[in-house]
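Architecture at a glance
Residues per chain, in single letters:
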Amino acid sequence: MAAEAPPPSTEKAALPTPEEFTEVQESAEFGELRRSHRSFAFPLTIGFIVWYLLYVLLSNYAGGFMGTKVAGHINVAFVFGVLQFVSTFLIAWWYSKHAAAKLDPKAEAIKTRMEGGA
């Protein structure tokens, strides 16, 4: 037999005012959160775009190099293509670890304060 759960609260939390949002946006804590995100995401994004464009340019203009056999029927182009997928998943995993460790706690603290919990 299941225990009876109390009905959900019908009280609505007060929403922050536009002035409160502006105040938080201008705070040092929010600035640090934004810097933490940007200092991680921007270099990785630029690096991945350069890596992807290198792959595309080599595929278009360095056919001899990309066609070089590495092992059996596997050539450099295939290896680079597989590495594109590997690097995508590694970046996503690395970002999720960074976000969980550095960004989420800061964002949760700001959110809790904005919702009136602190």
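Sequence positions are assigned chain by chain, starting from 1 and proceeding in written order. In view of the model being predicted, local features appear only for residues whose pLDDT reaches at least 70, and side-chain atom pairs are presented and counted only at 80 or more, with totals across whole chains, interfaces and linings using the full set of residues. Hydrogens and waters are ignored; side-chain quantities use all the structure's heavy atoms.

1. Things to note about the nonpolar core
Working definition of a nonpolar core: buried Ala, Val, Leu, Ile, Met, Phe, Trp, Tyr and Cys residues. They are joined through side-chain atoms within 4.5 Å. Using a 1.4 Å probe on the protein chains alone, a residue whose accessible area is under 20% of its type maximum counts as buried, one over 50% counts as exposed, and one in between counts as partly exposed. Listed in full, the six residues of the largest apolar core are V24, L33, A99, L103, I110 and M114. Counting residues per element, this core draws most heavily on helix α4 (residues 76-114), which supplies four residues. The contact criterion used is simple: two residues touch if any of their non-hydrogen atoms lie within 4.5 Å. The residues touching M114, leaving out its near neighbours within four places in the chain, are P16, E20, F21 and V24. By the criteria applied, helices consist of DSSP H or I runs no shorter than four residues and strands consist of E runs no shorter than two, each listed in order from the N terminus.

2. Here's the deal with the UniProt feature "transmembrane region" (unreviewed entry) in the protein chain
UniProt positions are given in the numbering used here, feature names are shortened, and annotations may be inferred rather than shown by experiment. Under the local residue numbering, the UniProt record ascribes the feature "transmembrane region" (unreviewed entry) to residues 40-58 and 70-95. Across residues 40-58, helical content stands at 100% and strand content at 0%; the span's end C-alpha atoms are separated by 27 Å. Helix and strand shares over residues 70-95 are 77% and 15% respectively, and the end C-alpha atoms of the span are 31 Å apart.

3. Some points on the side chain of Q84
In this fold, Q84 is placed in helix α4. Setting aside its immediate chain neighbours within four residues, Q84 contacts F48, W51, Y52 and Y55.

4. A look at the side chain of H98
Tracing the backbone shows H98 in helix α4. According to the relative accessible area criterion, H98 is buried, its value standing at 14%. We define a polar contact as two N or O atoms separated by no more than 3.5 Å, with the added condition that, inside protein, one atom must be a possible hydrogen donor and the other a possible acceptor, whereas residues neighbouring each other in sequence contribute only through side-chain atom pairs. Among the polar contacts made by the side chain of H98, one reaches the main-chain carbonyl oxygen of S36 at a distance of 3.4 Å. With residues near it in sequence (within four places) discarded, H98 still touches S36, F40 and L103.

5. Examining the pattern of salt bridges
Where side chains of opposite charge bring their charged atoms close, a pairing between them can arise. The term salt bridge refers to a pairing of a side-chain nitrogen on Lys or Arg with a carboxyl oxygen on Asp or Glu at a separation within 4 Å. Going through the model one piece at a time under the given rule, you end up with three salt bridges. Where E29 meets R113, a salt bridge forms, and the shortest distance between an N and an O atom there is 2.7 Å. A residue pair is termed long-range when its members are at least 10 positions apart, and E29 in helix α2 (residues 28-61) and R113 in helix α4 qualify at 84 residues. Judged by relative accessible area, E29 falls into the partly exposed class, the value being 31%.

6. A look at the packing of helix α1 (residues 18-25) against α4
Lines are fitted to the C-alpha atoms to define the axes, a helix being fitted only along its stretch in contact, and any angle between axes, read from their N-to-C directions, falls within 0 to 180 degrees. Packing of α1 against α4 brings their axes to within 11 Å, and their N-to-C directions diverge by 155°. Here α1 is positioned roughly antiparallel relative to α4, judged by the angle of their axes. For the element pair α1 and α4, the recorded crossing hand is right-handed. Each of E20, F21 and V24 in α1 lies in contact with α4, whose residues at this interface are I110, R113 and M114. Following the grouping adopted for this structure description, the nonpolar residues are Ala, Val, Leu, Ile, Met, Phe, Trp, Tyr, Cys and Pro, the charged ones are Asp, Glu, Lys and Arg, and the polar ones are all others, Gly among them. Each residue belonging to the contact of α1 with α4 can be placed in one class, and the counts come to four nonpolar, no polar and two charged. In what follows, roughly perpendicular refers to angles from 65 to 115 degrees, roughly parallel to angles under 35, roughly antiparallel to angles over 145, and oblique to any angle outside these ranges. The hand of a helix crossing depends on one turn: near helix anticlockwise from the far one by less than a right angle means left-handed, and clockwise means right-handed.

7. Observations concerning α2
Think of an α-helix as turning once every 3.6 residues; residues three or four places apart then point the same way. With 34 residues, α2 should reach 50 Å at 1.5 Å per residue; the first-to-last C-alpha distance of 48 Å fits that figure. Every buried residue of α2 is listed here: G31, L33, S36, F40, A41, L44 and L58. Expected helix span is taken as 1.5 Å per residue step, with the number of steps being one fewer than the number of residues.

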